[in-house]
Amino acid sequence: MGSTSSTLLKIPNVEELMQETGFSSAHIIRLYDRFKALDKEGRGHLCPHDFGAIKELAMNPIGDRIIGAFFSPGQETVDFNNFVKILAHFRPVDKDRPRDPNSPEPINSRSNKLKFAFQLYDQDKDGKISRDELLKVLRDMLGMQVTEEQLESIADRTIQEADLDRDDAISFEEFRKSLEKVNIDHKMSIRFLR
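Quick look at the structure, then. Remember, predicted model here, so these are calculated numbers, not experimental data.

### Some words on helix α3 (residues 25-38)
With 14 residues, α3 should cover 20 Å at 1.5 Å per step; its first-to-last C-alpha distance of 20 Å lies within 8% of that length. Looking at α3, one finds that the buried residues are H27, I28, I29, L31, Y32, F35 and L38.

Structure below.
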């Protein structure tokens, strides 16, 4: 127990971090240990190349986009608190956890999970997913499994179905609406934190 308390004392604003993310002290300690293992040089922050040690990301066709989501535009490092806040998007929703109506929406809410997923597509950060951005993700995910013509057909059909205002792009609201029947909590949850 002593090492648990001493580990938590090393983390700035740990109580606030646990409140904001919904992670327990045991989760925070596990994530801290993982962060320290990735931070092989002991700098106190991670760079994009540090994530290369995570084989699931290295093998993921959109791993670079996922890694990029940890970094704000123009920022080349992520500290522990921001690392935890990004991972909180993937925490399953705790339906039994009481929610203060005056507090902000939880990081792992359906809406915030969708915003996180949307930004993986919206690479130029203009608030819309263009045909080219969608094609790039499809190429990354499907690679050589389908022809370029099939990829273009999938992209065109997806835009046609989701683009309600007919501007040849998918806004966040259109993205959200197109995924209304998808169980985002299940699709965007990592259960390794139990």
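### Considering helix α6 (residues 80-87)
With respect to burial, α6 is a largely interior element, six of its eight residues being buried. Here α6 has its buried residues at F80, N81, F83, V84, I86 and L87. Residues of α6 that are buried in the fold lie against α2 (14-21), α3 and α7 (110-121).

### A closer look at the nonpolar core
Residues I11, I28, F51, F80, F83, V84 and F175 are the most contacted members of the largest nonpolar core, which totals 51 residues. Among the elements of the structure, α2, α3, α5 (63-68), α6, α7, α8 (131-142), α9 (148-162) and α10 (172-178) are those that each provide at least two residues to this core. No other element matches α3, which puts six residues into this core. Discounting residues that sit within four places of it in the chain, I28 has contacts with L8, I11, V14, L17, M18, T21, F23, F80 and V84.

### Some remarks on the packing of aromatic side chains
In this structure the tally under the stated criterion is twelve aromatic pairs. Taking the centre distance of 4.8 Å and the plane angle of 40° together, the rings of F51 and F70 count as tilted. In this pair, F51 sits in the loop between α3 and α4 (55-59) while F70 sits in the loop between α5 and α6, placing the two residues 19 residues apart along the sequence. On the accessibility criterion, F70 (8% relative accessible area) is buried. Taken together, the aromatic side chains of Y32, F35, F51, F70, F71, F80 and F83 make up a single cluster linked through ring pairs. The ring of F23 has R91 lying over it, and the distance from NZ or CZ to the ring centre is 6.0 Å.

### A look at the side chain of D122
Of note, D122 is situated in the loop between α7 and β1 (128-130). One buried charge, D122, has no salt-bridge partner; the nearest side chain with opposite charge is K125, at 6.3 Å. Within polar-contact distance, the side chain of D122 engages the backbone nitrogen of G127 at 2.8 Å. Sequence-distant contacts of D122, that is, excluding residues within four places in its chain, are made with G127, K128, I129 and E133.

### A word on the pattern of salt bridges
In the structure shown here, the tally under the stated rule is 15 salt bridges. In this structure, D39 and R43 form a salt bridge, with 4.0 Å as the shortest nitrogen-oxygen distance. Judged by relative accessible area, D39 falls into the buried class, the value being 6%. A salt bridge links K113 to D185; its shortest N-O distance comes to 3.7 Å. Here the residue K113 occupies a position in helix α7, and D185 occupies one in helix α11 (residues 184-187), the gap between them amounting to 72 residues. Relative accessible area serves as the criterion here: at 0%, K113 is assigned to the buried category.

What counts and how
- Residues numbered from 1 in each chain as written.
- Predicted model: local features only at pLDDT ≥ 70, side-chain atom pairs only at ≥ 80, totals over all residues.
- Heavy atoms only, no water.
- Helix = DSSP H or I, 4+ residues; strand = E, 2+ residues; numbered from the N terminus.
- Expected span 1.5 Å × (residues − 1).
- Buried < 20%, exposed > 50% of the residue type's maximum accessible area, 1.4 Å probe, protein only.
- Contact = heavy atoms within 4.5 Å.
- Core = buried A, V, L, I, M, F, W, Y, C linked by side-chain atoms within 4.5 Å.
- Phe/Tyr/Trp six-rings, centres within 6.5 Å; stacked < 30°, edge-to-face > 60°.
- Lys NZ or Arg CZ within 6 Å of the ring centre and 35° of its normal.
- Lys, Arg positive; Asp, Glu negative; His and termini not counted.
- Salt bridge = Lys/Arg side-chain N within 4 Å of Asp/Glu carboxyl O.
- Polar contact = N/O pair within 3.5 Å; in protein donor to acceptor, adjacent residues only side chain to side chain.

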